[in-house]
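Secondary and tertiary structure notes
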Amino acid sequence: MIRGVSEVRLVGENIEPGVFKYSDAMRLAEEQEVDLVEISPNASPPVCKLMDYGKFIYEQKKRDKQLKAKSTQIVVKEIRFGPQTDEHDYEFKRKNAEKFLKEGAKLKAFVFFKGRSIIYKEQGQILLLRLATDLEEYGKVEAMPVLEGKRMIMFIAPKKKSK
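Presented here is a report on the structure given in the accompanying data block. Treat the numbers as computed from the prediction; the structure is a model and nothing was measured. (Residues numbered from 1 in each chain as written. Predicted model: local features only at pLDDT ≥ 70, side-chain atom pairs only at ≥ 80, totals over all residues. Heavy atoms only, no water.)

1. Describing the pattern of salt bridges
Summed over the entire model, instances satisfying the criterion amount to 9 salt bridges. Close ionic contact of glutamate 91 with arginine 130 constitutes a salt bridge, the shortest N to O distance being 4.0 Å. Of this pair, glutamate 91 sits in helix 3 (residues 87–103) while arginine 130 sits in helix 4 (residues 121–134), and the two are 39 residues apart along the sequence. With a relative accessible area of 26%, glutamate 91 lands in the partly exposed category. In this structure arginine 130 comes out as partly exposed when scored by relative accessible area, which is 31%. Between arginine 94 and glutamate 98 there is a salt bridge, with the nearest N and O atoms lying 2.8 Å from each other. Residue arginine 94 and its partner glutamate 98 are located together in helix 3, separated by 4 residues, close to a single helical turn. Note on glutamate 98: relative accessible area 15%, which makes it buried. Among the ionic contacts, a cluster of salt bridges with common partners joins Glu87, Glu91, Arg94, Glu98, Lys102 and Arg130. (Salt bridge = Lys/Arg side-chain N within 4 Å of Asp/Glu carboxyl O. Helix = DSSP H or I, 4+ residues; strand = E, 2+ residues; numbered from the N terminus. Buried < 20%, exposed > 50% of the residue type's maximum accessible area, 1.4 Å probe, protein only.)

2. Here we look at the sheet that holds strand 6 (residues 106–112)
Spatial strand order, 5-6-8-7: 4 strands in an open sheet with mixed pairing. Single-partner strands in this sheet number two, and they are strand 5 (76–81) and strand 7 (139–148). Strand after strand, the sheet turns through a mean of 20° between neighbouring axes, direction not considered. Across 7 bridges, the pairing between strand 7 and strand 8 (residues 151–158) is antiparallel. Across the sheet, residue valine 141 finds its bridge partner in strand 8, namely isoleucine 156. (Pairing = 2+ DSSP bridges. Axes fitted to C-alpha atoms, helices over the stretch in contact; angles between N-to-C directions.)

3. Side note on the pairing of strand 5
Judged from the 6 bridges that link them, strand 5 and strand 6 form a sheet pairing that is parallel. Considered in strand 6, the bridge of valine 76 is made with lysine 106. This β-α-β element, strand 5 to helix 3 to strand 6, shows right-handed connectivity. (Right-handed = clockwise from strand over helix to strand, strands pointing away.)

4. Description of the nonpolar core
Phe81, Leu107, Val111, Leu128, Leu131 and Leu135 are the most contacted members of the largest nonpolar core, which has 19 residues in total. Where this core is concerned, the elements lending two or more residues are strand 5, helix 3, strand 6, helix 4 and strand 8. When neighbours within four sequence positions are excluded, valine 111 is seen to be in contact with Phe81, Gly82, Pro83, Gly124, Leu127, Leu128, Lys150, Arg151 and Met152. Core analysis: the second largest hydrophobic core is formed by 11 residues, Val8, Tyr22, Ala25 and Leu50 among them. (Core = buried A, V, L, I, M, F, W, Y, C linked by side-chain atoms within 4.5 Å. Contact = heavy atoms within 4.5 Å.)

5. Quick notes on the side chain of lysine 108
Here lysine 108 lies in strand 6. Among the residues examined, lysine 108 registers a relative accessible area of 15% and is labelled buried. A distance of 3.5 Å separates a polar atom in the side chain of lysine 108 from a polar atom in the side chain of glutamate 78. Contacts of lysine 108, omitting those with residues within four sequence positions, involve Val76, Lys77, Glu78, Ile79, Arg151, Ile153, Met154 and Phe155. (Polar contact = N/O pair within 3.5 Å; in protein donor to acceptor, adjacent residues only side chain to side chain.)

In structure tokens:
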């Protein structure tokens, strides 16, 4: 509802744009069986449009739903190693990481240092770099191994699928 105005600038389909009295604009809207919608209330006189407001809201919701469907959700999968992970465990986790990257998920690989095992920082870094080279054809390293507290973390993003 538009209040406190005597004149409005009218725009819309099937109408000659111009300044109309508020009562005339309402009459035109009723004749065309549409709504009088205020577009720019701060203009002098306020700008109004003749349109089917319910249809407009419906189409906007439909458009938003389509955009939401097209957007992709980024999933981050984690793989945890110890600084002295043996060969079999490494291969098992590497295969899982490969599967995650093929599915299109980001990979967060980290080495967790317990207690005094922090003295093996180099081994943890070597392990993560080895993982990065093994997964080179499936993903690219987003962030090189970085030590954060008791964790050394590295991110690997999946390579884009060629269509």
